[in-house]
Amino acid sequence: GDRWIRGALVLLVIAGVCAFVGDLAAGLLTAGAGLILKALVIAGFVDQRAAFDAARAAVRATEAADPYRARRNAARRLATALTERIAAPALFYALFGLAGLFAFGAALAFAERIGADDPFGGAAHRLLGWIGLFAGLPAAVGVAIAAAFSPGARPGRALALAWSSAPAPRDARSGWTLAALAGALDLSFERRGDWIGDGRARLEAGDLRRVLYLFAVACLCHLVFWAALGFMAAG
């Protein structure tokens, strides 16, 4: 309990400092070259290429004693990456500007560096769970839209299963998106105490490639949406 509280206080200080820096940067990067630099800063946080490369590495690293479980875990990492590295930073920027984007980046980095097993990072992981309850929805919608462009995938089922399998905060970092993947591709993934979806749990290599394809198209959908929103706001 002591370490949890200390970690929460450290997270509060780091996120507060980063939010202040982001707000300061937003005031400076307002015209000309500043707008270009601002766009590069935002792209650094909403890093689709890094998320996609990490996803491909996860797909390759699935040779294990239980390859089906390894592939399900790889799909879960893809779902988490879509929520936390694409949807969440874009949502925080849309709501709170650079200050919110910097604060979220600090919380995400803190959680990743400390790990889920150390109570010192417990507050950061709990915070990401609550953020996932909101950011996971647009991520799941992105998966459903991507399913419309994937042969054999079911976009309607993706939305229906995501909605009916609303996750608790402890599962929200990947819950919405994982449910959408399960519905779109007729798969099944384990969750704490139960399973998401009624499809196949024995994922083959081809299934994981289809998951990766949906991930890539969903990233593109989010890019187009937020770029269009940015142009509308600028206009």
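Residues numbered from 1 in each chain as written. Predicted model: local features only at pLDDT ≥ 70, side-chain atom pairs only at ≥ 80, totals over all residues. Heavy atoms only, no water.

A.B. asks: Help me understand the overall build of the chain in this model?
C.D. replies: For the chain, the helix and strand inventory stands at eight helices and two strands. Of the regular secondary structure in the chain, the N- to C-terminal order runs α-α-α-α-α-α-α-β-β-α. Looking at the chain as a whole, 46% of its 235 residues qualify as buried. Put simply, of all contacts in the chain between residues at least 6 apart along the chain, 69% involve residues at least 24 apart. (Helix = DSSP H or I, 4+ residues; strand = E, 2+ residues; numbered from the N terminus. Buried < 20%, exposed > 50% of the residue type's maximum accessible area, 1.4 Å probe, protein only. Contact = heavy atoms within 4.5 Å.)

A.B. asks: Would you take a moment to explain the side chain of Ser188 for this structure?
C.D. replies: Examined against the element boundaries, Ser188 turns out to sit in the loop between α7 (175–185) and β1 (189–191). Polar side-chain contacts of Ser188 include one of 3.3 Å to the backbone oxygen of Ile196. Residues in contact with Ser188, not counting those within four places in the same chain, are Arg72, Trp195, Ile196, Gly197, Gly199, Arg200, Ala201 and Leu203. (Polar contact = N/O pair within 3.5 Å; in protein donor to acceptor, adjacent residues only side chain to side chain.)

A.B. asks: Hey, could you run me through the state of the cysteines in this one?
C.D. replies: Across all of its chains, the model carries zero disulfides by this definition. Sulfur of Cys219: no disulfide; nearest cysteine sulfur belongs to Cys221 and is 9.2 Å away. (Disulfide = S-S within 2.5 Å.)

A.B. asks: Honestly, the packing of helix α4 (residues 67–114) against helix α5 (residues 122–147) in this entry has me stumped. Any pointers?
C.D. replies: The axes of two packed helices give the description: the angle between them and the distance between them. Where α4 contacts α5, the two axes come as close as 10 Å, and the packing angle between them is 115 degrees. Every pair of crossing elements has a handedness; the one defined by α4 and α5 is left-handed. On α5, the residues that touch Leu82, Thr83, Glu84, Ala87, Ala88, Leu91, Phe92, Phe104, Ala107, Leu108, Phe110 and Ala111 of α4 are Ala124, His125, Leu127, Leu128, Ile131, Gly132, Phe134, Ala135, Gly136, Pro138, Ala139 and Val143. A class-by-class count of the residues in the contact of α4 with α5 yields 19 nonpolar, four polar and one charged. (Axes fitted to C-alpha atoms, helices over the stretch in contact; angles between N-to-C directions. Left-handed = near helix turned anticlockwise from the far one by under 90°. Nonpolar A, V, L, I, M, F, W, Y, C, P; charged D, E, K, R; others polar.)

A.B. asks: Whenever I open this one, the nonpolar core confuses me. Can you help?
C.D. replies: What tends to happen in soluble globular proteins is that the nonpolar side chains get buried as a cluster. Formed by 54 residues in total, the largest nonpolar core has its most connected members in Leu82, Leu181, Phe189 and Leu214. Those elements that place two or more of their residues in this core are α4, α5, α6 (155–164), α7 and α8 (205–234). The dominant element in this core, judged by the number of residues it contributes, is α4, at 15 residues. Sequence-distant contacts of Leu214, defined by excluding residues within four places in its chain, comprise Val143, Ala146, Ala147, Ser150, Leu181, Ala184 and Leu185. (Core = buried A, V, L, I, M, F, W, Y, C linked by side-chain atoms within 4.5 Å.)

A.B. asks: Before we go on, may I ask you to explain the packing of aromatic side chains in this structure?
C.D. replies: For the structure shown, the criterion picks out four aromatic pairs. Summarising the aromatic geometry, the rings of Phe110 and Phe120 are spaced 5.8 Å apart at their centres and angled 40 degrees between planes, so their arrangement reads as tilted. In this pair, Phe110 sits in helix α4 while Phe120 sits in the loop between α4 and α5, placing the two residues 10 residues apart along the sequence. Site record: aromatic cluster; members linked through ring pairs are Phe92, Phe96 and Phe104. (Phe/Tyr/Trp six-rings, centres within 6.5 Å; stacked < 30°, edge-to-face > 60°.)

A.B. asks: Is there a simple way to think about the pattern of salt bridges in this case?
C.D. replies: When the charged atoms of two side chains with opposite charge come close together, those side chains can pair. Taken as a whole and judged by the stated rule, the model has nine salt bridges. The salt bridge involving Glu190 is made with Arg72; its shortest N-O contact spans 2.6 Å. Taken as a pair, Glu190 in strand β1 and Arg72 in helix α4 lie far apart in primary sequence, 118 residues in all. Like Glu190, the residue Arg72 is buried in the burial classification. The partner of Asp207 in a salt bridge is Arg200, and the shortest N-O contact between them spans 2.8 Å. For Asp207, a relative accessible area of 7% puts it in the buried group. Residue classification places Arg200 among the partly exposed residues on the basis of a relative accessible area of 38%. (Salt bridge = Lys/Arg side-chain N within 4 Å of Asp/Glu carboxyl O.)

The values reported here are purely geometric and, on their own, carry no functional implication.
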